[in-house]
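Below are the chains, spelled out letter by letter.
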Amino acid sequence: MADKHKSSFVADLRAVLGEPDFRRLYATRLVSQTGDGMFNAGFAAYAFFSATTFPNPAAAASAAAVLYLPYSLIGPFAGVFIDRWSRRQILVWSAAIRSMMVVIAAFLVGSGTLGLPLYIAVLAVLGVNRFFLSALSAALPHVVPEDKLVMANAVAPTSGTIVGFIGGVLGLGVHLVTGGGHIGSAATLLAGGLGYAAAGLIGATIPKDLLGPNRDPRQPTGNGLAADFGAVAVGLVAGARHLWQRKEALYAIVTIGAHRFLYGICLLMSILLYRNYFYPSKSGNTALGHFTLVVITSAIGYGAGAVLTPPMTRRLSKTTWVAALLAFGGVTAGLLGATFSQVPFLLLGFALGITGQGLTITVTTIVQEQVGESFLGRIFSLYDMMYNASFVIGAAASVAFMPLTGKSYAVVAFVAAAYVAAGAAYWLLNLRAAQPAHVAEDLAPAPSEEVPEPPVPDQAHRS
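Every value quoted in this text rests on a predicted model; they were computed, and no experiment measured them. (Residues numbered from 1 in each chain as written. Predicted model: local features only at pLDDT ≥ 70, side-chain atom pairs only at ≥ 80, totals over all residues. Heavy atoms only, no water.)

Let's talk about the overall build of the protein
Reasoning step 1: A count of helical and extended segments in the protein gives 17 helices and 0 strands.
Reasoning step 2: Looking at the protein as a whole, 54% of its 463 residues are labelled buried.
Reasoning step 3: Looking at the protein alone, contacts between residues at least 24 apart form 88% of all its contacts between residues at least 6 apart.
Reasoning step 4: Carbon and sulfur atoms form 69% of the exposed surface of the protein, whose accessible area is close to 18800 Å². (Helix = DSSP H or I, 4+ residues; strand = E, 2+ residues; numbered from the N terminus. Buried < 20%, exposed > 50% of the residue type's maximum accessible area, 1.4 Å probe, protein only. Contact = heavy atoms within 4.5 Å. Areas by Shrake-Rupley, 256 points an atom, 1.4 Å probe, with all protein chains shown as cover.)

Structure representation (structure tokens):
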């Protein structure tokens, strides 16, 4: 049976990669997310592992907020525009803008700046990146058949995450080769900027109208950018209403938010342990070098999650697989995290990588199956808001309880119990929702009744 699932995975993988339009979108993602890994590595090395500072929980949480809050703040605007603008043009122009902003961030890092000016520059790079990643997710159904979405979601976002890890490792190599410190971090940021520029060039080879959005010519147009901003609130309300009517997608998004909340706590703990507990008397570069092993094992775990999820969702329902992944995360966090030893933490990184990527693939597929095309941009923005804001909130909430060294049995126990509880709650909610399924179908609006927003005259579609 295992050989059957393995051969099926390989066959499906080849089928997806055989789609020429998918390959170009895939290449754009891989190159860009390699640049993401390098950029994040340069900023993280500078903020977390400076040779002269020891991060405290609040400082580490603040840096994490800089890295992830743009995904939440920009998300609502990205979704509305991704449903209006050419998604191919978003890929091209966002890559160009990020490349230019990286140069400014690298200059600030090279000059030793750490504070508001650098945070603004980093926020600008990552904020524009939000448009790029949301456009990739919304474009995916346009380049693969519907029956291959599960595999496409396994191949594309998973590969992007893995090459992001690889880019991070390469970025750390650039950091060390160029001497570390301010100059090494600046060089790493610039290497990431080159990746963004290359991704834009690849994206330019995709036909302009291939990736959507599919527009209804009968829909009224408006008066430009100001009208689009005015439609943000209406669009988000419509998207939230659409999501609320689709409980399976709603529960899935909330559940992955719970995972990210707990993962934020785990990552903050790991950074503090490596910098302040395992290597308190060593240089920042020494601690960073050993922490890189956690990044590597996590990347391997993400890859394993991508391999496991397609065959497991053929054997089990998606609901069962999500609940099992959360339970697995809770058990491993409790058993391995409580050791506060480096080898078990490497294994924990691997285990949470499986959990995280398995959840991401499954939840993304559920959303794409349950949500209408005209709402995909907005729903993915709400999804991304939950995904990234939960991570930051988890790290920030743990600051009040996290010791400077990161060693806390109480925090580990909470994370383990919360993972298991989240899995049980998700299972029970879906079980309850499935019982009156015929009633839900009767109450759900017909496809012809689903419209993106009320037909006000000032909502523009822009190419």
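Brief notes about helix H15 (residues 376-398)
Reasoning step 1: For H15, spanning 23 residues, the distance from its first C-alpha to its last is 33 Å, which sits close to the expected 33 Å at 1.5 Å a residue.
Reasoning step 2: With respect to burial, H15 is a largely interior element, 17 of its 23 residues being buried. (Expected span 1.5 Å × (residues − 1).)

Description of the packing of helix H5 (residues 87-110) against helix H6 (residues 116-139)
Reasoning step 1: Interhelical geometry of H5 versus H6 gives an angle of 160° and a closest axis separation of 9 Å. With respect to their mutual orientation, H5 and H6 come out roughly antiparallel. Remark: the crossing between H5 and H6 carries left-handed chirality.
Reasoning step 2: Across the contact of H5 with H6, the residue classes tally to 21 nonpolar, 2 polar and 2 charged. (Axes fitted to C-alpha atoms, helices over the stretch in contact; angles between N-to-C directions. Parallel < 35°, antiparallel > 145°, perpendicular 65-115°, else oblique. Left-handed = near helix turned anticlockwise from the far one by under 90°. Nonpolar A, V, L, I, M, F, W, Y, C, P; charged D, E, K, R; others polar.)

Comments concerning the pattern of salt bridges
A side chain of one charge can pair with a side chain of the opposite charge when the charged atoms of the two come close.
Reasoning step 1: All chains considered together, the criterion is met by 3 salt bridges.
Reasoning step 2: Close ionic contact of Asp-36 with Arg-98 constitutes a salt bridge, the shortest N to O distance being 3.7 Å. Of the two residues, Asp-36 sits in helix H2 (residues 20-48) while Arg-98 sits in helix H5, which places them 62 residues apart along the sequence.
Reasoning step 3: By relative accessible area, which is 0% here, Arg-98 ends up buried. (Salt bridge = Lys/Arg side-chain N within 4 Å of Asp/Glu carboxyl O.)

Focus on empty space enclosed by the protein
Reasoning step 1: The tally for this structure, following the rule as stated, stands at 3 cavities of 30 Å³ or more.
Reasoning step 2: The computed volume of the second largest cavity comes to approximately 80 Å³.
Reasoning step 3: Those elements that place two or more of their residues in the lining of the second largest cavity are helix H11 (247-278), helix H13 (318-337), helix H14 (342-370) and helix H16 (409-434).
Reasoning step 4: At 4 residues, the largest contribution of residues to the lining of the second largest cavity is made by H11.
Reasoning step 5: Partitioning the lining of the second largest cavity into residue classes produces 9 nonpolar, 2 polar and no charged. (1 Å grid on protein atoms, 1.4 Å probe; cavity = no way out; pocket = protein on both sides within 12 Å on 5 of 7 lines; lining within 4 Å. Points joined across faces, edges and corners; volume = space filled by probe spheres on them.)

Regarding the packing of aromatic side chains
Reasoning step 1: Applying the stated criterion across every chain, the model contains 10 aromatic pairs.
Reasoning step 2: For the pair Tyr-277 and Phe-278, a centre-to-centre distance of 5.4 Å together with 55° between the ring planes defines the contact as tilted.
Reasoning step 3: Residue classification places Phe-278 among the buried positions, given a relative accessible area of 16%.
Reasoning step 4: Grouped by ring-pair contacts, the aromatic residues Tyr-274, Tyr-277, Phe-278 and Phe-291 constitute a single cluster.
Reasoning step 5: Over the ring of Phe-132 we find Arg-98; its NZ or CZ atom is 4.4 Å from the centre of that ring.
Reasoning step 6: The residue whose ring lies beneath Arg-98 is Tyr-196, and the NZ or CZ to ring-centre distance is 4.2 Å. (Phe/Tyr/Trp six-rings, centres within 6.5 Å; stacked < 30°, edge-to-face > 60°. Lys NZ or Arg CZ within 6 Å of the ring centre and 35° of its normal.)

Some points on the side chain of Ser-398
Reasoning step 1: One can find Ser-398 in helix H15.
Reasoning step 2: Residue Ser-398 is classed as buried on the basis of its relative accessible area of 6%.
Reasoning step 3: If near-sequence neighbours (up to four positions away) are discounted, Ser-398 is found in contact with Ile-265 and Leu-268.

Comments concerning the environment of Gly-184
Reasoning step 1: Among the secondary structure elements, Gly-184 is positioned in helix H8 (residues 181-203).
Reasoning step 2: Through-space distance from the C-alpha of Gly-184 to that of Gly-110 is 8.2 Å; in sequence the pair is 74 residues apart.
Reasoning step 3: Ignoring sequence-local partners within four residues, the contact set of Gly-184 consists of His-175 and Thr-178.

Observations regarding the nonpolar core
Reasoning step 1: Counting residues in hydrophobic clusters, the biggest one holds 92 residues, and the most contacted among them are Phe-39 and Val-367.
Reasoning step 2: Of the residues forming this core, the biggest block, 17 residues, is contributed by H11.
Reasoning step 3: Setting aside residues up to four positions removed in sequence, Val-367 forms contacts with Ala-249, Ile-253, Ile-379, Phe-380 and Tyr-383.
Reasoning step 4: Counting 28 residues, the second largest nonpolar core, distinct from the first, contains Ile-82, Leu-149, Ile-206 and Ile-361. (Core = buried A, V, L, I, M, F, W, Y, C linked by side-chain atoms within 4.5 Å.)

Structural notes on H11
Reasoning step 1: The end-to-end C-alpha separation of H11 is 44 Å, in line with the 46 Å expected for 32 residues at 1.5 Å each.
Reasoning step 2: Along its length, H11 reaches its greatest deviation from straightness, about 30°, at Leu-272.
Reasoning step 3: In terms of burial, H11 is largely enclosed, as 25 of its 32 residues are buried. (Bend = angle between axes of the 7 residues up to and from the residue.)

Overview of unusual backbone geometry
Reasoning step 1: The residue after Gly-212, namely Pro-213, is reached through a cis peptide bond having omega 5°.
Reasoning step 2: Mapped onto the elements of the fold, Pro-213 is located in the loop between H8 and helix H9 (225-230).
Reasoning step 3: With a phi angle near 50°, Phe-340 is a residue other than glycine that sits in the positive phi range.
Reasoning step 4: Given the relative accessible area of 4%, Phe-340 is considered buried.

Remarks on the packing of H11 against H14
Reasoning step 1: The interhelical angle for the contact between H11 and H14, taken along N-to-C directions, is 160°, at an axis separation of 10 Å. If you check the angle between H11 and H14, you find them roughly antiparallel. Relative to H14, the crossing made by H11 is left-handed.
Reasoning step 2: Here the contact of H11 with H14 is built from residues that sort into 17 nonpolar, 7 polar and 1 charged.

Some remarks on the confidence of the model for the protein
Reasoning step 1: Mean pLDDT over the protein: 81, with 83% of residues reaching 70 or higher.
Reasoning step 2: Summarising per-element confidence for the protein, the mean pLDDT is lowest in helix H17 (residues 437-443) (45) and highest in H13 (96).
Reasoning step 3: Taken as a whole, residues 1-9 scores under 50 in pLDDT and shows 11 contacts with residues more than four places along the chain or in a different chain.
Reasoning step 4: Below pLDDT 50 for its whole length, residues 437-463 participates in 56 contacts with residues either more than four positions away or in separate chains. (pLDDT = per-residue confidence, 0-100.)

Remarks on a nonpolar patch on the surface
Reasoning step 1: Judged by side-chain polarity, Trp-93, Ile-97 and Met-100 come together as a nonpolar surface patch covering roughly 350 Å² of accessible area.
Reasoning step 2: Note that Ile-97 resides in helix H5. (Patch = residues over 30% accessible without salt bridge, like charges linked within 9 Å, V, L, I, M, F, W, Y side chains within 5 Å.)

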